[in-house]
Protein chains: 2
Amino acid sequence: MRTRVVALCGGVGGAKLAYGLSRSLPPEELSIIVNTGDDFEHLGLHISPDIDTVTYTLADAADEAQGWGRADEQWTVMQEIERLGGENWFQLGDRDVALHLLRTQLLRAGNTLTVATAKLAARFGVGHAILPMSNEPVRTVVETDEGELAFQDYFVRRRCEPKTRALRYVGADDARLSPEVTRALDEDNLRGVIVCPSNPYLSIAPILAVADLRVRLRALSAPVLAVSPIVAGLALKGPATKMMSELGAEGGALGVARIYSDFIDALLIDARDAALARECVDADPRLLVGNIVMASRYSRVELARTCLAHLDQLRK
Amino acid sequence: MRTRVVALCGGVGGAKLAYGLSRSLPPEELSIIVNTGDDFEHLGLHISPDIDTVTYTLADAADEAQGWGRADEQWTVMQEIERLGGENWFQLGDRDVALHLLRTQLLRAGNTLTVATAKLAARFGVGHAILPMSNEPVRTVVETDEGELAFQDYFVRRRCEPKTRALRYVGADDARLSPEVTRALDEDNLRGVIVCPSNPYLSIAPILAVADLRVRLRALSAPVLAVSPIVAGLALKGPATKMMSELGAEGGALGVARIYSDFIDALLIDARDAALARECVDADPRLLVGNIVMASRYSRVELARTCLAHLDQLRK
């Protein structure tokens, strides 16, 4: 019987697990819902950082040493923009620019972001569904001790330095989940939902905020499993731990469990945090232990299979 | 006494004479009015081919071997656009893309094309005024035996192969000359107007069509001198002779004299065409003879000085 797994996914960390899932499930059994709260317009181009990271990663075209952008990237456009006095705080590689030009052209021609994403992903040979959470704009805004910052201002221009006071997902109340996302979640044979190891505030919360997806997940009969983005008290990448501390959340993997507690059935934490699971045997959500650090391509596939096995156990 | 020369200019050939003039006159004594009939939107970018050619040429940044585009150009964006299935009939170099991105951004921010051009030219160290003929869109349309073609469709995609039946400059009736162009032409101490050796139909006619500039030039008290784009019966570059023949115009430099006869005082033709001048001593416009092929940078400056000397003689 054909079943479907739905993954919620942000940028680099999430994309690695999405890669593992894409190597473990055929295209018709996986839908990857991707955060678009980081999307913005820059130099007249529509840029979708998380969608691109997932697309590049699934296509084996990501620059893994750098952690973002394209492998084998060139920088002539950006050098020339700098020379001509243009904005250079957001680095765009030449291949990246090509993709953004085509996406912007597709959107201006009236395609939804979902259709534009599918057309471009197909060009990268990606057969699995990469689904923007919504076709309507949702923009993450970080309220900091230095005032309100648009996501990229906070993340790239200010390198996450200002202290976070709160987050807002502007547009989320009015945005609808895309029909493709709704269809994936409404699937009769939903095997389960996997929340990838992405930043809870910056990558997962914007997805949850669209059209009360969070409430919908709470009511789901299929199991929801999250993978902790925090290992041994530290985020593998990005400002998750800094933000959790600034926002007064409990630290470490337990803090993640708390943030997701209303809609996940279990959190998969790393073997290095096994003590937490031993201390909280009756925790809700349940704490599961495994090797969640994806240092190699093979470990992405291993983690994906571990997640699928857990989903099937949680169903029972 | 400060005087001013106004040059009307299209792409490559015109830009060479504009270069010579810019090396012969200080910035406050030269205004270069450039054709924008070739402008178009491609991949969401506002592209102004003639303005770019003039800017690159004056900045010594043009690719002179190729005859268009930037020196030291790279092609990663275009290769990637091709790989992703985007349109590749109009080749855009990486440095070109940077310029187009910045121009498009400046225009979207509300700058006129004149201001955007000045800002970008300044970044190239160009001090002389490169003035788009109008801030409003004028689009050259070629009526051919295969139907109507937008300029770039005719020129680039179809390589000027279809037979020309007529030309239209869409928008020219409603477009206004820019204030900067009007001011240059209204200058009390106008030394004269030079029509650069550009295609009469594709480069010069669109300029003349804006706000009846042609009528204004007829009424000008200052002299108007054109430099023939045709030498020994052939255009040095582009489809001028082919179009003249298809449109039933007289061939060679005499044909150019005829096309411009209502508003120029004299046409400078090449020494190789000296026989024409000897045969038509009473021609109106007058035929002047000189070395008009600009094979070197030095010959551009020489031709500019020759033109200036002729202008001053025509004044008397």
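Everything discussed here concerns the structure shown above.
Residues numbered from 1 in each chain as written. Chains lettered and ligands numbered in written order. Predicted model: local features only at pLDDT ≥ 70, side-chain atom pairs only at ≥ 80, totals over all residues. Heavy atoms only, no water.

Caption draft 1: Representation of the overall build of chain A. Along the backbone of chain A there are 13 helices and 14 strands. The C-alpha radius of gyration computed for chain A amounts to 19 Å, which stays within 12% of the reference 20 Å derived for 316 residues, consistent with globular compactness. Overall size of chain A, expressed as C-alpha extent along the three principal axes, is 60 × 45 × 40 Å. In chain A, buried positions account for 59% of the 316 residues. Of the contacts made within chain A by residues no fewer than 6 positions apart, 70% connect residues no fewer than 24 positions apart. For chain A, the accessible surface area stands at approximately 12700 Å², while carbon and sulfur atoms represent 47% of it. (Helix = DSSP H or I, 4+ residues; strand = E, 2+ residues; numbered from the N terminus. Rg over C-alpha atoms; globule rule 2.2 N^0.38 Å. Buried < 20%, exposed > 50% of the residue type's maximum accessible area, 1.4 Å probe, protein only. Contact = heavy atoms within 4.5 Å. Areas by Shrake-Rupley, 256 points an atom, 1.4 Å probe, with all protein chains shown as cover.)

Caption draft 2: View of the packing of aromatic side chains. Residue and element names in this part refer to chain B. Counted by the stated rule, this structure contains 14 aromatic pairs over all chains. Summarising the aromatic geometry, the rings of Phe 40 and Phe 90 are spaced 4.8 Å apart at their centres and angled 70° between planes, so their arrangement reads as edge-to-face. On the criterion of sequence distance, the pair formed by Phe 40 in strand 3 (residues 40–42) and Phe 90 in the loop between helix 3 (76–83) and helix 4 (94–108) is long-range, its members being 50 residues apart. Of the residues examined, Phe 90 reaches a relative accessible area of 11% and is grouped as buried. With a centroid separation of 6.1 Å and an interplanar angle of 75°, the aromatic rings of Trp 68 and Trp 75 are classed as edge-to-face. (Phe/Tyr/Trp six-rings, centres within 6.5 Å; stacked < 30°, edge-to-face > 60°.)

Caption draft 3: Representation of the interface of chain A and chain B. With 25 residues of chain A at the contact, the number on the chain B side is 25 residues. For the pair chain A and chain B, the two sides together bury roughly 2400 Å², of which 64% comes from carbon and sulfur. On the chain A side of the interface with chain B, the three residues burying the most area are Leu 84, Leu 101 and Arg 123 of chain A, jointly 24% of the side's total. Our enumeration of links across chain A and chain B arrives at 4 salt bridges. Mapped by element, the contributors of at least two residues to the side of chain A that touches chain B are helix 3 (76–83) and helix 4 (94–108) of chain A. Considering every element that reaches the side of chain A that touches chain B, the biggest residue donor is helix 4 of chain A, with 9 residues. (Buried area = accessible area lost by both parts, 1.4 Å probe. Salt bridge = Lys/Arg side-chain N within 4 Å of Asp/Glu carboxyl O.)

Caption draft 4: Representation of the sheet that holds strand 5 (residues 129–132) of chain B in the model. Residues and elements named next belong to chain B. The parallel open sheet is built from 7 strands, whose spatial order is 5-2-1-9-10-13-14. Both edges of this open sheet fall to strand 5 and strand 14 (286–290), since each of them pairs with a single strand only. When strand polarity is set aside, the average angle formed by the axes of neighbouring strands in this sheet is 25°. Packed on one face of the sheet, helix 11 (residues 252–260) meets strand 9 (190–195), strand 10 (224–227), strand 13 (266–270) and strand 14 and runs near 165° to strand 13. (Pairing = 2+ DSSP bridges. Axes fitted to C-alpha atoms, helices over the stretch in contact; angles between N-to-C directions.)

Caption draft 5: Highlighting the side chain of Ser 134 of chain A. All names here are of chain A. By the secondary structure assignment, Ser 134 is in the loop between strand 5 (129–132) and strand 6 (139–144). Separated by 3.0 Å, the side chain of Ser 134 and the backbone nitrogen of Glu 136 make a polar contact. Discounting residues that sit within four places of it in the chain, Ser 134 has contacts with Thr 36, Leu 113, Ala 175, Arg 176, Ser 178 and Val 210. (Polar contact = N/O pair within 3.5 Å; in protein donor to acceptor, adjacent residues only side chain to side chain.)

Caption draft 6: Highlighting the relation of the copies chain A and chain B. With an RMSD of 0.0 Å, chain A superimposes on chain B once it is rotated by 180° and translated 0.0 Å along the axis. The transformation just described matches what one would write down for a two-fold rotation axis. By C-alpha distance to the rotation axis, the residue of chain A lying nearest is Asp 94 of chain A, at 3.6 Å. Most of the interface of chain A is mirrored in chain B, where 100% of its interface residues are also at the interface. (Least-squares fit on C-alpha atoms with pLDDT ≥ 70 in both.)

Caption draft 7: Looking closely at unusual backbone geometry. Of note, the amide linkage connecting Asp 284 of chain A to Pro 285 of chain A takes the cis form, showing an omega dihedral of 0°. Mapped onto the fold, Pro 285 of chain A is located in the loop between helix 12 (274–279) and strand 14 (286–290). The phi dihedral of Cys 160 of chain A falls on the positive side, at around 60°, and the residue is not glycine. The topology assignment puts Cys 160 of chain A in the loop between helix 6 (151–157) and strand 8 (164–170). The backbone of Asp 60 of chain B shows a phi angle near 55°, a positive value even though the residue is not glycine. Here Asp 60 of chain B shows up in the loop between helix 2 (49–58) and helix 3.

Caption draft 8: Just the nonpolar core, in detail. One finds Leu 17 of chain A together with Leu 17 of chain B to be the most contacted residues of the largest nonpolar core, which totals 116 residues. The contacts of Leu 17 of chain B, once residues within four sequence positions are left out, are Ile 194, Cys 196, Pro 197, Val 227, Met 294, Arg 300, Leu 303, Ala 304 and Cys 307 of chain B. Counting 53 residues, the second largest nonpolar core, distinct from the first, contains Leu 8, Val 193, Ala 235 and Leu 276 of chain A. (Core = buried A, V, L, I, M, F, W, Y, C linked by side-chain atoms within 4.5 Å.)

Caption draft 9: Quick peek at the pattern of salt bridges. Evaluation of the coordinates by the stated rule reveals 48 salt bridges over all chains. For Asp 312 of chain A, the salt bridge goes to Arg 191 of chain A, with nearest N and O atoms at 2.8 Å. Residue Asp 312 of chain A is found in helix 13 (residues 297–315), and its partner Arg 191 of chain A is found in strand 9 (residues 190–195); the two are separated by 121 residues along the sequence. You can call Arg 191 of chain A buried: its relative accessible area is 17%. Taking the shortest distance from any N to any O, the salt bridge between Arg 216 of chain B and Asp 186 of chain B comes out at 3.3 Å. In this pair, Arg 216 of chain B sits in helix 9 (residues 213–218) while Asp 186 of chain B sits in helix 7 (residues 179–186), placing the two residues 30 residues apart along the sequence. Residue class for Arg 216 of chain B comes out partly exposed when judged on its relative accessible area of 30%. Exposure remark for Asp 186 of chain B: the relative accessible area of 48% places this residue in the partly exposed category. Members of the salt-bridge network, linked through shared partners, are Arg 23, Asp 60, Glu 64, Arg 297 and Arg 300 of chain A.

Caption draft 10: Expanded view of the pairing of strand 13 of chain B. All names here are of chain B. The buried fraction of strand 13 is high, at 5 of 5 residues. Residues Ala 266, Leu 268 and Asp 270 line one face of strand 13 and the alternating positions Leu 267 and Ile 269 line the opposite face, and both faces are buried. The pairing of strand 10 with strand 13 spans 3 bridges and is classified as parallel. Bridge pairing in strand 13 links Val 227 to Leu 268. Where strand 13 and strand 14 come together, 5 bridges link them in parallel fashion. When the bridges of strand 14 are listed, Leu 267 appears paired with Leu 287. Handedness of the crossover joining strand 13 and strand 14 through helix 12 (residues 274–279) is recorded here as right-handed. (Right-handed = clockwise from strand over helix to strand, strands pointing away.)

Caption draft 11: Highlighting helix 13 (residues 297–315) of chain B. Under the 1.5 Å per step criterion, the end-to-end length of helix 13 of chain B is 28 Å for 19 residues, consistent within 8% with the ideal 27 Å. When helix 13 of chain B is considered as a whole, its buried residues turn out to be Ser 299, Arg 300, Val 301, Leu 303, Ala 304, Cys 307, Leu 308, His 310, Leu 311 and Leu 314 of chain B. (Expected span 1.5 Å × (residues − 1).)

Caption draft 12: Quick look at the packing of helix 4 of chain B against helix 5 (residues 113–123) of chain B. All names here are of chain B. Two elements in contact, helix 4 and helix 5, have axes whose closest approach is 9 Å; the angle formed by their N-to-C orientations is 140°. Classified by the angle between their axes, helix 4 and helix 5 sit oblique to one another. Note that helix 4 runs across helix 5; the crossing there is right-handed. Across the interface between the two elements, Leu 99, Leu 102, Arg 103, Leu 106 and Leu 107 of helix 4 pack against Leu 113, Ala 116, Lys 119 and Leu 120 of helix 5. A per-class count over the contact of helix 4 with helix 5 returns 7 nonpolar, no polar and 2 charged. (Parallel < 35°, antiparallel > 145°, perpendicular 65-115°, else oblique. Left-handed = near helix turned anticlockwise from the far one by under 90°. Nonpolar A, V, L, I, M, F, W, Y, C, P; charged D, E, K, R; others polar.)

The values reported here are purely geometric and, on their own, carry no functional implication.
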